[in-house]
Amino acid sequence: MKNIDSKGHVRGESIYLDDIPVITGTLYGVVFDSPKAHGKIKNIDYSKAQNLPGVERIITYKDVPSENQIGGIFPDEPLFAEDEVHFCGQPIALILAESESIARKARKLIEIEIEELPVIVDPREAREKDQLIFPPRTFNLGDTSATWNDCEYIFEGVADSNGQEHLYIETQGAYAVPMENGHIRLSSSTQGPTAVQKTAAKVLGIPMHKIEVDVVRLGGGFGGKEDQATPWGVMAALGAQIAKNPVKVALHRMDDMRMTGKRHPYKSDYKIGLSKELKIIAYEATFHQNAGAAADLSPAIMERTLFHATNSYFVPNVNVTAYSCKTNLPPNTAFRGFGGPQGMYVIEAAIAHAANELNISPHKIQEKNLFKNGDEFSFGQVVDQAQAESSWSAVKDKFALEALEKEVKTFNQENKHFKKGLSLMPICFGISFTNTPMNHARALVHIYQDGSVGISTGAVEMGQGVNTKMVQVAADIFKINTDKIKLETTNTTRVANTSPTAASATADLNGKALENDCNPLLKRLKETASKHLDTVTSAINIREGIVYDNDEKTDLNWEKLIEMAFLERVCLTENGHYATPLIHFDKTIEKGHPFAYHVYGTAISIVTVDCIRGTYEFDAIKIVHDFGKSMNTAIDNGQVEGALVQGIGWMTMEELLYNDDGKLLSNALSTYKIPDIYSAPKSIEIEALTTEGHELAIKKSKAVGEPPLMYGIGAYFAIQNAVKAFNPNYKLKFDAPFTPEKVLMGLYER
Ligand code: MTE
Ligand code: HPA
Ligand code: MOS
């Protein structure tokens, strides 16, 4: 089935926040934000801005009727700064004006005096100064300290990875319309409609039922709108409550880049111990997560770093600790992979380090340590239905790894100024929110009297194709044509208390809730048909909109059946619920079974480095991916390609840069480079691993949104291998992204 949005997208007809027609009287909100990364606010003079014709009013923390607090996990983040500022870009006030340009002009007229305080941008420095967002956590399996003596080889080092700007095409925004009796209708570009609703209710001091959040779709979220769509939604709602006019807040690109958090940069230490047979028998790591100035989702993200610290490898003795370090950057947040990539990169670095010292290929170590059924993760979950070895051997066979390696070797022998590098990257990613209580969802189905069907779920469409998958789920149960089914907007009055669209689990959770609507509806319809046809219910079947009795066509079709059921006073609406079974986790001992299942796969990356310029091109990425039984190969392959390229961008070219004063230097598309069509790999081949699929995945089709991003980590090591081939004096460094600048330095290092 095609993505139901394809036509609308290419015709420019799909509705995003900025396409919602505005109502007469709408005010435009522009955020005034801190020019300094840390300091005491001594004075703010709003008078010139306030007096600009067209400015309606300026809202600050003093206008907040209830709590000036938006922290989702910890209450440590004010909506508007009060006496202090903690990062450049921190919202201080919302200017409401007749037009956006007037509001932006007014912003320039605000005068602020800040007494500057010391700025920390480095997470290690924050840890030294005891600036932690919350206490560190450690996952432990076996006994590393007792194992070092048994190791034949031990290697230690550091591995750093930088952050990443989400660069959703649609920037953050929201539109609030005041309704009667103090109700507010809020359109928001958010992955978490309930988070926006709940936080707005708290700040405005009204119950949740007075705020209706509606989401049509997002022009991308990538995690950046899981938590950080909330402030703009709350500001719009607050503006509407105070001004009694509709209020629209939609960030310009540079405002968005400056004010919002990104993927967390990490600075990490590793120590890896191997046996003579190259088994990894001990692994220790310390992760320093650069959290920024407030918690946001950092606790959950830090936890996922620990969950994925050994990637696809079974290590019997593991001790990994993570620190969430408070710095004067915008609070960093969810980004595809949610801390997992940052953890996986470090063990891959440790393996590359070991292989380099032992003068062997990293594959030799990777291959020997892949998870098998019955192995244990450091957090106690036992590995089952492992596809680590199967995807590894499939990638080797299907893409003739040995021949590829030979080609690379020959090329490098024959070429002086171009060198190729090859790497393998296995992935293993846990599916479920790591926070068990978040793993449930609801869906609402109405069958209308004419046989058309309307579906609402808690899922937010942001390009990942979840709406198409929801239509497929219903169509497959009812056995009717997909054009009879409409997917409604995501709306908190139709489906309440939703978890955000995140953790790659949206289709699983909402799809299974939807199955719990459609199955009982179908049962009632079959009962209606069997009564009418005077047969047993089990003899009734619907195929392509026609009712069959014992495989014989009847004169009943879907429309007639629905009409009949309605006249018989059968309920044609269902509200289904689903909660993932089996999962649990006990934080007091850091053990449990947090994931419904894992997604596996392996990628081969081949790069060519121009050894005069330091530039590089990816010749090919060849992937064997564990889709389970993909319910939509077009969408799922698209997710693999998109995630892969996003991962390569993170590892190679996207360079987030803050100066020591905490000011973002890579603050526009001219200074922050993401992969374009020229820097995308020349070829991407994706093979599906043949498996049974998993019972807890929707229609046995495994979650696909985040896992393939981590194939991109292989890009770093492929480039490194090419640099090594050119310069025997090059010393391995793990400092992602591997930008052309760093490549050039590496090529000519002595
Ligand atoms: N794909 C597109 N096109 N746009 C996005 O914003 N977000 C990713 C992924 N794929 C994203 C995307 C992230 S971070 C997640 S968690 C999943 O989609 C969420 O959707 P799912 O749970 O339906 O996979
Ligand atoms: N993934 C994404 N978002 C989340 C998670 C997670 O595991 N936990 C809480 N929010
Ligand atoms: Mo995705 S980072 O879980 O929104």
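Residues numbered from 1 in each chain as written. Chains lettered and ligands numbered in written order. Predicted model: local features only at pLDDT ≥ 70, side-chain atom pairs only at ≥ 80, totals over all residues. Heavy atoms only, no water.

Novice: Which parts of the structure should I look at to understand the overall build of the protein chain?
Specialist: Within the protein chain, the secondary structure is distributed over 19 helices and 30 strands. Along the first, second and third principal axes, the C-alpha atoms of the protein chain reach 80 × 80 × 50 Å. Relative to its full complement of 750 residues, the protein chain shows a buried share of 61%. When contacts within the protein chain are restricted to residue pairs at least 6 apart in sequence, those whose partners lie at least 24 apart make up 80%. Roughly 29,100 Å² of accessible area belongs to the protein chain as shown, and the carbon and sulfur atoms make up 50% of that amount. (Helix = DSSP H or I, 4+ residues; strand = E, 2+ residues; numbered from the N terminus. Buried < 20%, exposed > 50% of the residue type's maximum accessible area, 1.4 Å probe, protein only. Contact = heavy atoms within 4.5 Å. Areas by Shrake-Rupley, 256 points an atom, 1.4 Å probe, with all protein chains shown as cover.)

Novice: Mind showing me how you'd approach the pattern of salt bridges here?
Specialist: Oppositely charged side chains may form a pair once their charged atoms are brought near each other. Following the criterion strictly, the structure yields 42 salt bridges and no others. Linking Asp33 and Arg107 is a salt bridge whose minimum nitrogen-to-oxygen distance equals 4.0 Å. In this pair, Asp33 is assigned in strand β1 (residues 27-33) and Arg107 in helix α3 (residues 100-108), connecting sequence segments 74 residues apart. Arg107 sits in the buried class, given a relative accessible area of 14%. Within this structure, Asp33, Arg104, Arg107, Asp255 and Arg258 form a network of salt bridges that share partners. (Salt bridge = Lys/Arg side-chain N within 4 Å of Asp/Glu carboxyl O.)

Novice: Whenever I open this one, the side chain of Glu226 confuses me. Can you help?
Specialist: In this structure, Glu226 sits in the loop between β11 (211-215) and α7 (230-243). In this structure Glu226 is buried but unpaired, with Arg304 as the nearest side chain of opposite charge at 8.7 Å. Not counting residues up to four positions away in its chain, the partners in contact with Glu226 are Gln191, Gly192, Leu297, Ala334, Phe338, Pro500 and Ala502. (Lys, Arg positive; Asp, Glu negative; His and termini not counted.)

Novice: Looking at this model, I keep getting lost on the site of ligand 2. Mind explaining?
Specialist: In the vicinity of ligand 2, the contacting residues are Glu226, Ala300, Arg304, Phe338, Ser432, Phe433, Thr434, Met438, Ala502 and Ala503. Between Glu226 and ligand 2, the recorded distance is 2.9 Å, taken from a side-chain N or O atom to a nitrogen atom. Take Thr434: an N or O atom from its main chain is 3.1 Å from an oxygen atom of ligand 2. Taking 260 Å² as the accessible area of ligand 2 by itself, protein coverage stands at 98%. Within the shell around ligand 2, the residues separate by chemical class into 6 nonpolar, 2 polar and 2 charged. (Near = heavy atom within 4 Å. Polar contact = N/O pair within 3.5 Å; in protein donor to acceptor, adjacent residues only side chain to side chain. Nonpolar A, V, L, I, M, F, W, Y, C, P; charged D, E, K, R; others polar.)

Novice: What am I meant to see in the site of ligand 1 here?
Specialist: Near ligand 1 there are 18 residues, and of these Gly221, Phe222, Met462, Thr506 and Gln639 occur at the shortest range. Take Ala505: an N or O atom from its main chain is 3.3 Å from an oxygen atom of ligand 1. Against a free-state accessible area of 510 Å², the protein chains account for coverage of 92% of ligand 1. Here the shell around ligand 1 is composed, by residue class, of 6 nonpolar, 10 polar and 2 charged.

Novice: Would you mind going over α3 with me for this structure?
Specialist: The periodicity of an α-helix, 3.6 residues per turn, causes residues three or four places apart in sequence to face the same way. Within the span of α3, buried status applies to Ile102, Ala103, Ala106 and Arg107. Viewed along the axis of α3, the buried residues span an arc of 145°, placing them on a single side of the element. Set apart from the buried face of α3 by more than 90 degrees, the exposed residues are Lys105 and Lys108. Here the buried face of α3 lies against β1, α2 (47-51), β3 (55-59), β5 (91-97) and α8 (253-259). (Arc of directions from axis to C-beta.)

Novice: Would you explain the domain arrangement of the protein chain in this entry?
Specialist: You'll often see interface size given as the accessible area lost when the parts meet. Taken domain by domain, the protein chain consists of domain 1 (6-117 + 172-250), domain 2 (266-434 + 587-747) and domain 3 (440-579). Contact with domain 1, which involves 20 residues of that partner, is made by 15 residues of domain 3. Both faces considered, domain 1 and domain 3 share a buried interface measuring about 1,300 Å² in area, 51% of it formed by carbon and sulfur atoms. Our count for the contact surface shared by domain 1 and domain 3 stands at 8 residue pairs in polar contact (both at pLDDT 80 or more). Element by element, the count of residues in the side of domain 1 that touches domain 3 is highest for β11, at 5 residues. (Domains from an automatic or database assignment. Buried area = accessible area lost by both parts, 1.4 Å probe.)

Novice: Before we go on, may I ask you to explain unusual backbone geometry in this structure?
Specialist: Excluding glycine, residues mostly carry a negative phi; peptide bonds, for their part, are mostly trans. Here the residue pair Ala736 and Pro737 is connected by a cis peptide bond, since its omega of 5° sits within 30 degrees of zero. Phi is positive for Asn181, which is not a glycine, with a value near 55°. For Asn181, a relative accessible area of 59% gives the class exposed. With a phi close to 55°, Phe338 is a non-glycine residue in the positive phi region. Topologically, Phe338 is positioned in the loop between β15 (318-326) and α10 (340-358). Overall, the relative accessible area of 11% leaves Phe338 in the buried class.

Novice: I tried to follow the nonpolar core on my own but got confused; where do I start?
Specialist: The nonpolar side chains of a soluble globular protein tend to be buried, and buried together. Within the largest apolar cluster, 156 residues are counted, with the highest numbers of intra-cluster contacts made by Tyr283, Tyr345, Ile447, Phe478 and Phe734. Ranked by the residues each element gives to this core, the list is headed by α10, at 10 residues. Of the domains in this structure, domain 2 (266-434 + 587-747) and domain 3 (440-579) are the two that each give at least three residues to this core. If sequence neighbours within four positions are ignored, Tyr345 has contacts with Ala159, Asp160, Ser161, Met651, Ile713, Tyr716, Phe717, Phe734, Asp735 and Ala736. Judged by nonpolar contacts, the second largest core, of 37 residues, contains Leu94, Ala201, Met235 and Ala240. (Core = buried A, V, L, I, M, F, W, Y, C linked by side-chain atoms within 4.5 Å.)

Novice: In this structure, what is going on with a nonpolar patch on the surface? I would like to understand it.
Specialist: Taken together, the side chains of Ile612, Leu744 and Tyr748 present a nonpolar region at the surface, about 270 Å² in accessible area. Position of Tyr748 relative to the elements: it lies in the segment after α19 (740-747). For Tyr748, a relative accessible area of 44% corresponds to the partly exposed category. (Patch = residues over 30% accessible without salt bridge, like charges linked within 9 Å, V, L, I, M, F, W, Y side chains within 5 Å.)

Novice: How do you make sense of the sheet that holds strand β19 (residues 485-487) when you look at a structure like this?
Specialist: Hydrogen bonds between backbone atoms are what pair the strands of a sheet, whose relative direction is either parallel or antiparallel. Taken in spatial order, the 4 strands make up an open sheet running β19-β18-β17-β24, and their pairing is mixed. The outermost strands of the open sheet, each flanked by one partner alone, are β19 and β24 (573-579). The mean angle between the axes of side-by-side strands here comes to 20°, regardless of whether they run parallel or antiparallel. Where strand β17 (residues 440-447) meets strand β18 (residues 453-457), 5 bridges bridge the pair, whose relative direction is antiparallel. Residue Val445 lies in a different strand from β18, and its bridge partner there is Ile455. The sheet strands contacting helix α14 (residues 466-478) are β17, β18 and β19, and the helix crosses β19 at an angle near 150°. Those strands touched by helix α15 (residues 506-533) are β17, β18 and β24, and its axis lies near 140° from that of β24. (Pairing = 2+ DSSP bridges. Axes fitted to C-alpha atoms, helices over the stretch in contact; angles between N-to-C directions.)

Novice: Looking at this structure, I do not really get the state of the cysteines. What am I missing?
Specialist: Two cysteines whose sulfur atoms are joined by a covalent bond form what is called a disulfide. All told, the structure shown has 0 disulfides when counted by the stated rule. Sulfur of Cys518: no disulfide; nearest cysteine sulfur belongs to Cys571 and is 13 Å away. (Disulfide = S-S within 2.5 Å.)

Novice: Sorry, what's going on with the packing of aromatic side chains here?
Specialist: Within a pair of aromatic rings, the relevant descriptors are the distance that separates the centres and the angle that separates the planes. Using the criterion set out here, one finds 20 aromatic pairs in the structure. Here the aromatic rings of Tyr616 and Phe618 are separated by 6.1 Å at their centres, their planes lie at 70°, and the arrangement is edge-to-face. Residue class for Tyr616 comes out buried when judged on its relative accessible area of 16%. Between the NZ or CZ atom of Lys225 and the centre of the ring of Tyr168, over which it lies, the distance is 4.5 Å. The residue whose ring lies beneath Arg543 is Tyr548, and the NZ or CZ to ring-centre distance is 4.1 Å. (Phe/Tyr/Trp six-rings, centres within 6.5 Å; stacked < 30°, edge-to-face > 60°. Lys NZ or Arg CZ within 6 Å of the ring centre and 35° of its normal.)

Novice: So what exactly am I meant to see when it comes to α19 here?
Specialist: Regarding α19, the residues found buried are Val743, Gly746 and Leu747. Each buried residue of α19 sits inside an arc of 100° when the element is viewed along its axis, so together they form one side. The exposed residues of α19 that point more than 90 degrees off its buried face are Glu741 and Met745. Contacts from the buried residues of α19 go to β27 (597-610), β28 (616-625) and α18 (713-726).

Novice: What's the story with the sheet that holds β5 in this structure? I'm lost.
Specialist: In spatial order, the strands read β3-β5-β1-β12-β9-β10-β11-β20; together these 8 strands make up an open sheet with mixed pairing. Edge strands, defined here as strands with exactly one partner in the open sheet, are β3 and β20 (490-491). Relative to β11, strand β10 (residues 184-188) runs parallel, the two being bridged by 4 bridges. Looking at the pairing, Ile184 lines up with Ile211 of β11. Helix α6 (residues 193-204) rests against β10, β11 and β20 of the sheet, and its axis sits at about 150° to β11.

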